[in-house]
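# Fold and geometry: a report
Spelled out, the chains give:
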Amino acid sequence: MTQGERRIPARRTVLGAAGATVLGASTALAAGTGTAQAAAAERGEGRTPGRGHGYRSLPVPTVIGHRGASGYRPEHTLGSYRHALDLGAHVVEQDLVPTRDGHLVCRHENDITGTTDVADHPEFASRRTTKTVDGVALTGWFTEDFTLAELKTLRAKERIPATRQENTLYDGRWTVPTFEEVLRWAEDEGRRRGREVWLHVETKHPSYFRSLGLGLEERLAKLLRRYGRHRANSPVFLQSFEPSSIQRLAKLVDAPGVVLLSGAGSRPWDFVEAGDPRTVADLVTPEGLRWIASYAQGIGPTLDLVIPKDASGRLGTPTTLVRDAHAQGLILHPYTHRNENAFLPAEYRRGTDPTAYGDAFGSLKRYLETGIDGIFADNPDTALLAAADLTGRD
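Residues numbered from 1 in each chain as written. Predicted model: local features only at pLDDT ≥ 70, side-chain atom pairs only at ≥ 80, totals over all residues. Heavy atoms only, no water.

### Focus: the nonpolar core
For the record, the criterion: Residues belong to a common nonpolar core when they are buried Ala, Val, Leu, Ile, Met, Phe, Trp, Tyr or Cys residues joined through side-chain atoms within 4.5 Å. Burial here depends on accessible area, computed with a 1.4 Å probe over protein chains only, as a share of the maximum for the residue type. Under 20% is buried, over 50% is exposed, and the range in between is partly exposed. Here a residue-residue contact requires only that any non-hydrogen atoms of the pair lie within 4.5 Å.
Counting 81 residues, the largest nonpolar core has Phe179, Leu199, Leu220, Leu238 and Ile299 as its most contacted members. Ignoring any residue separated from it by four or fewer positions in sequence, one finds Leu238 in contact with Val201, Leu220, Leu224, Ile246, Leu249, Val253, Ala255, Pro256, Gly257 and Val258. Counting 10 residues, the second-largest nonpolar core is a separate cluster that includes Leu58, Ile64, Val91 and Trp198.

Structure, rendered in structure tokens:
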């Protein structure tokens, strides 16, 4: 059986179950996994997600379509975002970088070498260059060297074609969307679907872009105000790996902020530039979480901060992060769950093909049982079914 033949029936099964089961089961789920679910009960049972009640009205666990439905479509395209909603995702993620003329566009990185067909455009060959972004030297093409009009001549493509060959079917179908286009799209989709469309918006490399005179926060806040997503109960999360970006946004808009946290030994880049010696390990202590809670409403830790892996890549004992964050009133949206063996903990891999699907449901069960409030997933339908599995056991 080929890889494609193996996956297609599973997708159809997941889609049907996710649409019919999970959205109706979100309230029942609130009784099952500890502190986060108790908080969900306080939010008011029976509320429709996104009906002006703010982020506390979302189902727990919240399923966030990571860069859309990037397990099935090229990431950060309108096609990927739309497919995430079709699969039942509660929230859809965008990453923002600027163009040379100051427009915010949706790309995971400002280096667009691997996510667009820019290398096939001879007119832009001279734009290829080497830059140092957050201390890392990168060679390629960068959004800040293109006007929006120039960027719109490019087409999006799959970022990891060797892993997701099926996604290459959609190469060239969509352009790089601006964030304003996504805001208009979300309004249209909300009217069509009869519910508000939630967004999870990340500022990428904000210190780097501020040094270029392309500050992200003010541009983002202006768009949020223009489209009425600047309030505390607006259907949007604002996230960043740089705490100062969330602090800056908190002074501009009231939308909930989420501080993203990478490996325990790493330091946010704004800390590096400011000479702040704290690491992520310091930020996940009760004291560090109390500091985050003074200006943000949540954290987005790597999954390894929730359940670390041992030397063999198997999941170990959960940390106290969920309990400690909830004690400070913070929600947790860990990242990122993917179905392929290459991305799963060792005990949930099946076979030797790194691109084949492993026991994603087994892996998700372990993570969801910790009481996290949500999860970023490249395959939102799988995450929704895992949430429904948890409901059925309670």
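So much for the structure itself; the text now carries on.
### Points about the pairing of strand β6 (residues 198-203)
For clarity, the threshold we go by: Secondary structure elements follow DSSP: runs of H or I no shorter than four residues count as helices, runs of E no shorter than two count as strands, and numbering proceeds from the N terminus. Whether two strands pair comes down to DSSP finding at least two bridges between them.
Of all 6 residues that make up β6, 6 are buried, and the element is covered over most of its length. Residues of β6 alternate between two faces, with Trp198, His200 and Glu202 on one and Leu199, Val201 and Thr203 on the opposite face, all of them buried. Of the strand pairs in this sheet, strand β2 (residues 91-98) and β6 are connected by 6 bridges, and their pairing is parallel. Residue pairing for β6: Val92 is matched across the bridge by Leu199. Pairing geometry for β6 and strand β7 (residues 236-240), over 4 bridges, is parallel. Bridge pairing in β7 places Glu202 opposite Gln239.

### Quick word on the side chain of Asp324
Short version of the rule: What qualifies as a polar contact is a pair of N or O atoms within 3.5 Å, subject to a donor-acceptor requirement within protein and to the restriction that residues adjacent in sequence count only when both atoms come from side chains.
Inspection of the secondary structure puts Asp324 in helix α13 (residues 321-327). A distance of 2.7 Å separates the side chain of Asp324 from the side chain of Thr320, its partner in a polar contact. For Asp324, the residues in contact, after removing those within four places along its chain, are Pro286 and Leu289.

### Some points on the pattern of salt bridges
Short version of the rule: Any carboxyl oxygen of Asp or Glu that lies within 4 Å of a side-chain nitrogen of Lys or Arg is treated as forming a salt bridge with it.
Summed over the entire model, instances satisfying the criterion amount to 28 salt bridges. Ionic pairing is found between Glu109 and Lys204, a salt bridge with its closest N-O pair at 3.8 Å. Placement of the pair is Glu109 in the loop between β3 (104-106) and β4 (129-133) and Lys204 in the loop between β6 and α6 (206-211), with a sequence separation of 95 residues. Classification of Glu109 by relative accessible area gives partly exposed; the value is 25%. A relative accessible area of 5% means that Lys204 is categorised as buried. Where Lys131 meets Glu144, a salt bridge forms, and the shortest distance between an N and an O atom there is 3.2 Å.

### A word on the environment of Glu202
By secondary structure assignment, the location of Glu202 is in strand β6. By relative accessible area, Glu202 is classed as buried at 4%. Each C-alpha atom, one on Glu202 and one on Leu238, is 5.9 Å from the other, the two residues being 36 residues apart in sequence. Apart from the residues lying within four places of it in its own chain, the contact partners of Glu202 are Glu93, Gln94, Asp95, Leu96, Gln239, Ser240, Phe241 and Leu260. A polar contact of 3.4 Å, which involves the side chain of Glu202, links it to the side chain of Lys204.

### Comments concerning the packing of aromatic side chains
Working definition: an aromatic ring pair is given by the centre-to-centre distance plus the angle between the planes. So the rule is basically this: The criterion for an aromatic pair is that two Phe, Tyr or Trp rings (for Trp, the six-membered ring) have centres within 6.5 Å, with stacked assigned to planes under 30 degrees apart, edge-to-face to planes over 60 apart and tilted to the rest.
Counted according to the given criterion, the structure contains 9 aromatic pairs. Here Phe124 and Phe146 contribute two aromatic rings whose centre-to-centre distance is 5.0 Å and whose plane-to-plane angle is 75 degrees, an arrangement assigned as edge-to-face. Here Phe146 lies in the loop between β5 (136-140) and α4 (148-151) and Phe124 lies in the loop between β3 and β4, a separation of 22 residues in the sequence. Seen in terms of ring centroids, Trp291 and Tyr295 are 5.0 Å apart; in terms of plane orientation they differ by 75 degrees. Their pairing is edge-to-face. The partly exposed category is assigned to Trp291, whose relative accessible area is 25%. Grouping aromatic residues by their ring pairs yields a cluster made of Tyr55, Trp198 and Phe237.

### Let's talk about helix α5 (residues 179-193)
Think of an α-helix as 3.6 residues a turn; residues three or four steps apart then line up on the same face. Note the threshold: Working rule for helices: expected span equals 1.5 Å times residues minus one. Along the arc lie the directions from the helix axis toward the C-beta atoms.
Over its 15 residues, α5 extends 20 Å from the first C-alpha to the last, a length consistent with the 21 Å expected when each residue adds 1.5 Å. Along α5, the residues classified as buried are Phe179, Val182, Leu183, Trp185, Ala186, Glu189 and Gly190. One side of α5 holds all its buried residues, which, seen down the axis, span an arc of 160 degrees. Residues of α5 that are exposed and angled more than 90 degrees away from the buried face: Arg191 and Arg192. In this fold, the buried residues of α5 make contact with α3 (78-87), β2, β3, β6 and α7 (216-226). Looking one or two residues past α5, Gly194 carries a phi angle of roughly 75 degrees, positive in sign.

### So, unusual backbone geometry
Of note, the bond from Val60 into Pro61 is cis; its omega dihedral lies within 30 degrees of zero at 0 degrees. In this structure, Thr336 follows Tyr335 across a cis peptide bond, with omega equal to -20 degrees. Its location among the elements puts Thr336 in the loop between β10 (331-332) and α14 (360-368). Non-glycine residue His76 carries a positive phi angle of around 50 degrees. Summarising the element assignment, His76 is placed in the loop between β1 (62-65) and α3.

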